[in-house]
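Structure at a glance
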Amino acid sequence: MAEIDLSQSLWMLLFFVALGWLAARRLRVDPRPIATLLVYIISPLTFFHGLTQGQPSADKLVLTLSVLLLATCLCLAVNWVASRFFAEQERALLAFSAGTGNTGYFGFPIALVLLPPEGVTLYLFCMLGVSLYEFTVGFYVSARGRFSVKESLTRLARLPLIYAFAAGMLVSALGWQVPDVVADGLDYFKYCFTVLGMMIIGMTLGRVTWREFDLRFVAGCVLVRFVVWPLATLMMVLLLRMSVGVSDSLALAFLLIGAVPMAANVVVIAMELEIRPEKGAIAVLITTLAAPLLIPVYLGFALPWVLSF
């Protein structure tokens, strides 16, 4: 595990961040319309396509719901603790980030290397739980940092990803086949999501200075992402191994979900709701740079211990 090479994933992500920084600094590109595109068009279509291609079953959806529940519990716990130390908007942003991670364009390439094909499928349905959290509980908690309960629920009800999930489940349940030409077209959106999701971090960084660096906020993000999440998923896997005896592939998929850096969607949602996106961008960049050093060490320690049960 210590020999896992994450450099390709890291440099690819940093290249997209750098492009976003240049776009903001040299071309004066406004990231807000791009955040709106990601939230209301690109993410729902990517989500729908993943569901229709993944052939969801009851046991796979249990994984999705389990990760959704874990993310929700961590979000609500951090939201309660952070309310005592941070202002409303910082508290909301930290709570949202506590329930999510870069399971997609950072974690997925690692899953392809470490897991067999059936394990990759299990990882994808775990990843689906993180995405579902982001646009349900996570979005609501974030919105409460600026809006009332009624307005937050109204904004949540307008999110198309919820309806994309329902539509994807319906299509799969009825056994309908998405036409090949439509499926090929939808496949492009996942690449849009990766590129634009990382570029928006750079765009946000291009509009702020390091004077806005908030050590307390970054420390909270690092603590949640690289201490709380790994411990939570490790405990979850150990309990499952000792009770129902989950497979090695599923154990590694859970551990990987807990080890990835902060999600780019932290910045996307913060940009859409106008809740301190610059602080989110700085924290995402720092955790992304740290992840290649920490993930091999963590998996090298945790995986042999888990497999011994």
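Structure shown above.
Everything in this summary refers to the structure shown in the same document. For every chain, the first residue of the written sequence is number 1, and numbering continues from 1 along that sequence. Local features in this predicted model are restricted to residues whose pLDDT is 70 or higher, and side-chain atom pairs enter the listing and the counts only when it is 80 or higher, whereas totals over whole chains, interfaces and linings include all residues. Side-chain calculation: all heavy atoms of the structure are included, whereas hydrogens and water are not.

Section: the overall build of the protein chain
By definition, any uninterrupted DSSP run of H or I lasting at least four residues is a helix, any uninterrupted run of E lasting at least two residues is a strand, and each is numbered from the N terminus. For the protein chain, the helix and strand inventory stands at 14 helices and 0 strands. Against the globule reference of 19 Å for 309 residues, the protein chain gives a C-alpha radius of gyration of 18 Å, in line with a compact fold. With the principal axes as the frame, the protein chain shows a C-alpha extent of 50 × 45 × 40 Å. Here the term buried applies to any residue with accessible area under 20% of the maximum for its type, exposed to any over 50%, and partly exposed to those in between, with areas from a 1.4 Å probe on protein chains only. Burial analysis of the protein chain (309 residues in total) assigns 55% to the buried set. For the accessible areas, the method is Shrake-Rupley and the probe is 1.4 Å, while residue cover comes only from the protein chains on display. Entry remark: accessible area of the protein chain is about 13800 Å², with carbon and sulfur atoms responsible for 68%. Charge counting follows a simple rule: Lys and Arg are positive, Asp and Glu are negative, and His as well as the terminal groups are ignored. Think of each charge as sitting on NZ of Lys, CZ of Arg, CG of Asp or CD of Glu. For the protein chain, the separation between the mean place of its 20 positive charges and that of its 18 negative charges on side chains is 11 Å. Here the radius of gyration uses the C-alpha set of atoms, whereas the globule reference equals 2.2 Å times the residue count to the power 0.38.

A word on the layout of surface pockets
Of the volumes computed, that of the largest pocket is approximately 1100 Å³. Whether a set of points on the 1 Å grid over the protein atoms alone is a cavity depends on a 1.4 Å probe fitting there but being unable to get out, while an open set qualifies as a pocket with protein on both sides within 12 Å along at least five of seven lines; lining residues are those with an atom within 4 Å of a point. Around the largest pocket, the lining is made up of 38 residues, and of these T46, G104, L124, M127 and K190 lie nearest the centre. Contributions of two or more residues to the lining of the largest pocket are made by α1 (7–26), α2 (31–54), α5 (107–114), α6 (117–134) and α10 (180–205). For the lining of the largest pocket, the class distribution of residues is 20 nonpolar, 15 polar and 3 charged. Grid points are joined across faces, edges and corners, and a volume is the space filled by probe spheres set on the points. Polar here means any residue other than Ala, Val, Leu, Ile, Met, Phe, Trp, Tyr, Cys and Pro, which are nonpolar, and Asp, Glu, Lys and Arg, which are charged; Gly is therefore polar.

Some thoughts on the side chain of S97
Note on placement: S97 falls in helix α4 (residues 88–98). A polar contact is formed between the side chain of S97 and the backbone oxygen of L94, at a distance of 2.8 Å. We call two residues in contact when some of their heavy atoms are within 4.5 Å. Beyond its immediate sequence surroundings of up to four residues, S97 is in contact with C221, M262 and V266. For this analysis, a polar contact is any N or O atom pair within 3.5 Å, provided that within protein one partner can donate a hydrogen and the other can accept it, and provided that sequence-adjacent residues contribute only side-chain to side-chain pairs.

Overview of the state of the cysteines
Only a pair of cysteine sulfur atoms within 2.5 Å qualifies as a disulfide here. Tallying each qualifying case throughout the model produces 0 disulfides. Left without a disulfide partner, C75 is nearest to the cysteine sulfur of C73, which lies 9.8 Å away. Note on C75: relative accessible area 0%, which makes it buried. Just so you know, C126 is unpaired, no disulfide at all, and the nearest cysteine sulfur is the one on C73, 16 Å from it. On the accessibility criterion, C126 (0% relative accessible area) is buried.

Quick notes on the environment of D187
As for its placement among the helices and strands, D187 is situated in helix α10. A C-alpha to C-alpha distance of 22 Å links D187 and L174, two positions 13 residues apart in sequence.

Concerning the side chain of S43
Residue placement: S43 occurs in helix α2. Overall, the relative accessible area of 5% leaves S43 in the buried class. With residues near it in sequence (within four places) discarded, S43 still touches L38, F135, L161 and F193.

Examining the packing of aromatic side chains
Each pair of aromatic rings taken from Phe, Tyr and Trp, with Trp reduced to its six-membered ring, is defined by centres within 6.5 Å and is described as stacked if the planes are under 30 degrees apart, edge-to-face if over 60, and tilted in the remaining cases. Applying the stated criterion across every chain, the model contains 4 aromatic pairs. Ring plane angle 50° and centroid distance 6.0 Å describe the contact between F15 and F16, whose orientation is recorded as tilted. A relative accessible area of 49% places F15 in the partly exposed class. Overall, F16 belongs to the buried group, its relative accessible area being 13%. Between F301 and W305, the ring centres sit 6.0 Å apart and the planes meet at 45°, which makes this aromatic pair tilted. With a gap of 4 residues between them, F301 and W305 both fall in helix α14 (residues 277–307), about one helical turn apart. On the accessibility criterion, F301 (52% relative accessible area) is exposed. A relative accessible area of 39% places W305 in the partly exposed class. Remark: a charge is flagged as sitting over a ring if the NZ atom of Lys or the CZ atom of Arg is within 6 Å of the ring centre and within 35 degrees of the ring normal. Cation over ring: R84 sits above W80, and NZ or CZ is 4.0 Å from the ring centre. In this arrangement the basic side chain of R216 is found over the ring face of F86, its NZ or CZ atom lying 4.7 Å from the centre.

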